[in-house]
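Letter by letter, the chains look like this.
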Amino acid sequence: MITQALLNSSIKRDCVSCSTGKVLVLLMIGGLAYLMLMHTNSVYTSDGVKNGIARNEERGLIEGGAGKFGRFWRRPPRLPPRLSPDENLINDSSRFNPENLHREPKWVTRQQNVKQAFIHAWSGYKHHAMGYDELMPLSQRGVNGLGGLGATVVDALDTAMIMGADEIVLQAGTWIEKHLSERINEKGQVNLFETTIRVLGGLLSAYHLSGGEQGMDNMKFKGPKPIVYLETAKNLADRLLSAFTSSPTSIPFSDVILHDYSAHPAPDGLSSTSEVSTLQLEFNYLSTISGDPKYGTEAMKVLEHLRTLPKVEGLVPIYISPHSGEFSGENIRLGSRGDSYYEYLIKVWLQQRASRDGTVKYLYEMYEEAMKGVRHLLVRKSIPKGLVFVGELPSGSEGAFNPKMDHLVCFLPGTLALGATKGISKKEAMEENLLTFEDLENLKLAEDLAKTCFEMYSVTSTGLAPEIAYFHVEGFSDGGHDGGNKSSEYVNDIIIKPADRHNLLRPETVESLFVLYRITEDPKYRDWGWQIFEAFEKYTRVDSGGYSSLDDVTVLPPQRRDKMETFFLGETLKYLYLLFGDNNVIPLDKFVFNTEAHPFPIN
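This is a predicted model, so every value here is computed, not measured.

Enquirer: How should the packing of helix α22 (residues 524-539) against helix α23 (residues 566-579) be read in this particular structure?
Expert: In a packed pair of helices, the relevant descriptors are the angle between the two axes and the axis-to-axis distance. Taken N-terminus to C-terminus, the directions of α22 and α23 make an angle of 140°; their axes are 9 Å apart at the nearest point. Here α22 lies oblique to α23, going by the angle between them. Crossing handedness for the pair α22 and α23: left-handed. Along the contact surface, α22 presents Tyr525, Arg526, Gly529, Phe533 and Phe536, while α23 presents Phe568, Thr572, Leu573, Leu576 and Leu579.

Rendered as structure tokens:
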């Protein structure tokens, strides 16, 4: 513009005819261009990144020869493609989350479908059974079978927190603040194990997730302050401790009378091995957040004692006497009364390994020995299609093998995978060379067993698993007792006896699918989980609210059983929701789930 003005001005008329005027005009234009160039480069000198850009521009002057003026003649540079907001999130290294790569719209939608199922289950409970332990959805009333502590309220609370179901969090939290301490003070007999995993575990998880002492700052909810959950948990645990202190050995009694701080053994005098060894995550975490070591100290005495007892290749009988401290009988199985003993060996080790200076190493050694025993003594393949399953030894290692597998055993694939990688992905563990040969064996067994657990669903007419399945092996067959789905590839491998055909809305299979998806990142586990969820929706949903257990999964339409277990909200729907969501929500290397799916932070 200045040049044009000069050329059109009187200067042009007066000076353009003389050589001196021409030189002055050229000098003026060159000087202006030089000033513009130097000003542009100097803008970047205040910042290291900007200095780098300036140096690149200076290098361009040298390489381009013509400097800034050369750019007028060059083709504009090719700009990188613009990224979507999701892609920008992935490329922000401070917020990188590999799971965002898997957040296809269908999984976002499916996760929301699970949340809506949870809201429907809660609405039935709230309208017809609020304050009772469980809902009878067909009768539209409540029932107390777990001591009358409102078990569904506490079991469902952290699921609502994880899902962001704020109104349910408020309703459940308000009920706990107003009623639960009074119930604890006044109620009579409760089972130590069930009360610990459901009520104590639920309170402790809610304390953490609501922003307690070691809580998550990004998860704040309406309702009581975290200290309410902690104080209620301490009140309950102080009474539950009587099961430990009343026993003459390190093995606690099975039943507690809450209102008078007393305890007694079961009528037969025995405790379940799984029950006495599935209390430690909860009591340890309570000691951590309360600062009082008495809870964890009493609970850990059980595992320290079990360490000293004789075992069969790491496997243990399903009963133990609190009077003698010895195992009772020879029945070995990973189903009811045996299951979570093996689960807590690895989980308590994961929880405590950083905080007890290696003193819990024996738990990992017990776990490793037990898994070797499982592979050697309990794992078989069915015929004709070769499904891998875990059977039982009702009379010990010297007795006959029973090809029976409870649905409860389907916790094992997830536990095996967790024990192999310690919660990180298989890919990361392989890259870091962290997996031993035994870890790889256990991971392979986990995947094989997860397939079997899924086929226990798909082999039935309803697509839902029975409580117990048997497997066709050499010398054992029961023709005519199949699952009803004649198109299943495994219809001749899986046997379902009439007494075992009920479904209680159990979580163990979807729990293992969740863990295996997190660890292997194989999308088939999500697909299997979705098929199971669809079957629950189709056959167990009750229009007036809630979901119902079934009497027989092999016939259509199935007869409903009129009961919604607390673990359907506390575990089954929680694991399905997490299966379809982001890996950074309750990551497995930062949290450990108790056997009722209540997550506690790893120390």
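Enquirer: So what exactly am I meant to see when it comes to the sheet that holds strand β13 (residues 494-495) here?
Expert: Read across the sheet, 3 strands follow the order β11-β12-β13 without closing on themselves; strand pairing throughout is antiparallel. Both outer strands of the open sheet, β11 (404-406) and β13, are each paired with one neighbouring strand and no more. As judged from the 2 bridges shared by strand β12 (residues 468-471) and β13, these two strands associate in the antiparallel manner. Directly across from Phe471, in β13, lies its bridge partner Ile494. Contacting β11, β12 and β13, helix α20 (residues 437-458) crosses the sheet at an angle of about 110° to β12.

Enquirer: Just to check I follow, could you spell out helix α15 (residues 294-308) for this structure?
Expert: Every α-helix carries 3.6 residues per turn, so stepping three or four residues along brings you back to the same face. Along its 15 residues, α15 runs 22 Å from first to last C-alpha, staying within 8% of the 21 Å computed at 1.5 Å per residue. Along α15, the positions that sit buried rather than exposed are Tyr295, Gly296, Glu298, Ala299, Met300, Val302, Leu303, His305 and Leu306.

Enquirer: Help me out: how do you make sense of the packing of aromatic side chains in this one?
Expert: For any pair of aromatic rings, the description rests on two quantities: the centre-to-centre distance and the angle between the ring planes. Counted by the stated rule, this structure contains 19 aromatic pairs. Pairing Phe244 with Phe283 gives two aromatic rings, centres 5.6 Å apart and planes at 70°, and the pair type is edge-to-face. With Phe244 in helix α12 (residues 242-245) and Phe283 in helix α14 (residues 280-290), this pair connects stretches of sequence that are 39 residues apart. Taking the relative accessible area as the measure of exposure, Phe244 reaches 5% and is therefore buried.

Enquirer: Is there a simple way to think about the nonpolar core in this case?
Expert: Generally speaking, a soluble globular protein has its nonpolar side chains buried in company with each other. Ranked by size, the top nonpolar core spans 158 residues in total, and within it Phe283 and Leu363 carry the most contacts. In terms of residues, this core owes the most to one element, helix α17 (residues 361-378), which gives 10 residues. Setting aside residues no more than four positions away along its own chain, Leu363 makes contact with Met300, Leu303, Leu345, Val348 and Trp349.

Enquirer: Whenever I open this one, the sheet that holds strand β5 (residues 262-264) confuses me. Can you help?
Expert: Strand-to-strand pairing in sheets goes through backbone hydrogen bonds, with the strands running parallel or antiparallel. On the basis of which strands lie adjacent, the open sheet formed by 3 strands has the order β3-β4-β5 and antiparallel pairing. The two strands at the open ends of the sheet, each matched to only one other strand, are β3 (189-191) and β5. Within the sheet, the average angular offset between the axes of one strand and its neighbour, ignoring direction, is 30°. Pairing of strand β4 (residues 255-257) with β5, which is carried by 3 bridges, proceeds in the antiparallel orientation. Paired with Val256 across the bridge in β5 is Ala263. In the packing of helix α10 (residues 192-209) onto the sheet, contacts are made with β3 and β4, and the angle to β3 comes to roughly 75°.

The rules behind these values
- Per chain, residue numbering runs from 1 following the sequence as it is written.
- Where totals are concerned, whole chains, interfaces and linings use all residues; where local detail is concerned, this predicted model gives features only for residues with pLDDT of at least 70, and gives and counts side-chain atom pairs only at 80 or more.
- To obtain the side-chain values, all non-hydrogen atoms of the structure were included, while hydrogens and water were left out.
- Axes, fitted as lines to C-alpha atoms, cover a helix only where it is in contact. Angles between the N-to-C directions of the axes lie from 0 to 180 degrees.
- Going along the chain from the N terminus, every DSSP run of H or I of four or more residues is numbered as a helix, and every run of E of two or more is numbered as a strand.
- Roughly parallel means an angle under 35 degrees; roughly antiparallel, over 145; roughly perpendicular, 65 to 115; everything else is oblique.
- Handedness of a crossing is defined here by the sense of rotation of the near helix relative to the far one, left-handed for an anticlockwise turn of less than a right angle and right-handed for a clockwise turn.
- In this analysis, two residues are considered to be in contact whenever any of their non-hydrogen atoms come within 4.5 Å of each other.
- In this analysis, strands are considered paired if DSSP registers two or more bridges between them.
- Here, expected helix span is obtained from the residue count minus one, scaled by 1.5 Å.
- Relative accessibility decides the category of a residue: with a 1.4 Å probe and only protein chains considered, values under 20% of the type maximum give buried, values over 50% give exposed, and everything between is partly exposed.
- Working definition: a ring pair exists when centres of Phe, Tyr or Trp rings (six-membered ring for Trp) sit within 6.5 Å. Plane angles under 30 degrees give stacked, over 60 give edge-to-face, the rest tilted.
- To define a nonpolar core, start from buried Ala, Val, Leu, Ile, Met, Phe, Trp, Tyr and Cys residues and group those joined through side-chain atoms within 4.5 Å.

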